[in-house]
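Fold and geometry: a report
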Amino acid sequence: MKHIFSLVLLLVMGGMLWTLIPLGQPTEPGEVANHYIQHGIEENRGANLVTSVIVNYRGFDTLGEVTVLFLSVAGAGFVLRRRDGLTPMVARPSSEILQTGARMLFAPLIVFGAYIFVHGHLSPGGGFQGGAVVASAVMLLLLADRDHQLPHGFMSWLESVAGFAFVLVGLAGLMVAGSFLSNQGVLPLGTWNRLFSGGVIPVIYILVGLKVGTELSALLDTMMNSGRPAENPGGEH
Amino acid sequence: MIYLDLLICLVTVLAGVAAMRSSNLVSAAVMVGVVSLMVSYLFLRMGAPDVAMTEAAIGAGLSTLIFLIAIRRTEEEEG
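Below, the structure is looked at part by part. (Residues numbered from 1 in each chain as written. Chains lettered and ligands numbered in written order. Predicted model: local features only at pLDDT ≥ 70, side-chain atom pairs only at ≥ 80, totals over all residues.)

Overview of the overall build of chain A
From N to C terminus, chain A includes eight helices and zero strands. Ordering the α and β elements of chain A from the N terminus gives α-α-α-α-α-α-α-α. By principal-axis analysis of the C-alpha atoms, chain A measures approximately 70 × 60 × 35 Å. Sorting the 237 residues of chain A into buried and exposed places 30% on the buried side. Residue pairs in contact within chain A that sit at least 24 positions apart in sequence constitute 73% of those at least 6 positions apart. (Helix = DSSP H or I, 4+ residues; strand = E, 2+ residues; numbered from the N terminus. Buried ≥ 20, exposed ≤ 12 C-beta atoms within 10 Å, placed from the backbone. Contact = placed C-beta atoms within 7 Å.)

Remarks on the interface of chain A and chain B
Between chain A and chain B, the contact holds 17 residues from the first and 16 residues from the second. Counting residues per element, the ones that place at least two in the side of chain A that touches chain B are α6 (127-144) and α8 (201-224) of chain A. Partitioning the side of chain A that touches chain B into residue classes produces eleven nonpolar, five polar and one charged. (Nonpolar A, V, L, I, M, F, W, Y, C, P; charged D, E, K, R; others polar.)

Description of α8(A)
In this model α8(A) runs 34 Å from its N-terminal to its C-terminal C-alpha over 24 residues, within 8% of the 34 Å that 1.5 Å per residue would give. Extensive coverage of α8(A) is indicated by the burial of 21 of its 24 residues. (Expected span 1.5 Å × (residues − 1).)

So, the nonpolar core
Among the nonpolar cores identified, the biggest contains 37 residues, and A:Ala132, A:Ile204, A:Val208 and A:Leu220 are the most heavily contacted of them. The set of elements that each furnish at least two residues to this core consists of α3 (49-57), α4 (59-79), α5 (96-118), α6, α7 (152-177) and α8 of chain A together with α3 (49-78) of chain B. The element that contributes the greatest number of residues to this core is α8(A), accounting for 13 residues. Sequence-distant contacts of A:Val208, that is, excluding residues within four places in its chain, are made with A:Thr62, A:Val66, A:Gly127, A:Phe128 and A:Phe166. Core analysis: the second largest hydrophobic core is formed by six residues, B:Ala29, B:Met31, B:Val35 and B:Met38 among them. (Core = buried A, V, L, I, M, F, W, Y, C linked by C-beta atoms within 7 Å.)

No statement about biological role is implied by the geometric values presented.
This is the structure in structure tokens:
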């Protein structure tokens, strides 16, 4: 009985996947997509149309995504509480070569991450990708040096300010152009394919990059520095 | 070029099966990272560099590391 049920379930799932195959075929873009392709450049002056869609046309979704990431990091921080005097995650200190190499790589990686999110409106990538690169720089430092302390106060301040400023930029669009996160008339649009172009798009993507970078770094730090206390003779375990 | 694409597809499927069949959690986590890396190449080939960058940085890099830290931490708690 159980086997027949699994077989029927498998067939139903397979049939559902079968209907998805035509969706992969190239088709003519729909009405909305055509509008983005034809008017995207003149409306936003962003050389990377993907960024114009993510930050401007679907900017509200991006605000939601950033909020989801914030909530998951906050949830992880709540469940995995930081306690003092923990067993260090890395048992023995890493070698001199590894520590020096990590310190040397740290600054170029941060600059590369910042480059990715500052140039989000010109080249592939943006806030999420740049933020992930920044977080991997922090991860390298945390793995190489087990006693390294992150500036938690500064990081949570930066994260809150970036999130708040994202909403403020959206409200500025609401006041000037009558719709939330609108790009018309808030900042000058500038010339196509220049660094200072695209109105509020680079501003928002820089804020998203800072927010994602600090959130992911805080998540890694929470995971590495949480757990049971180091010396626990009377142990509850 | 099409042969390289087919090879990458094959490696993706094999790494996915290896991640499911493996009895060692660490190698399963690394195999999931390999799947992400191969899929990010496929995204790049299909003209989506933005998605490919996200997949490589977050899928292959950060989430593999988070899996490894979680495995390490839970093993400590158990033993």
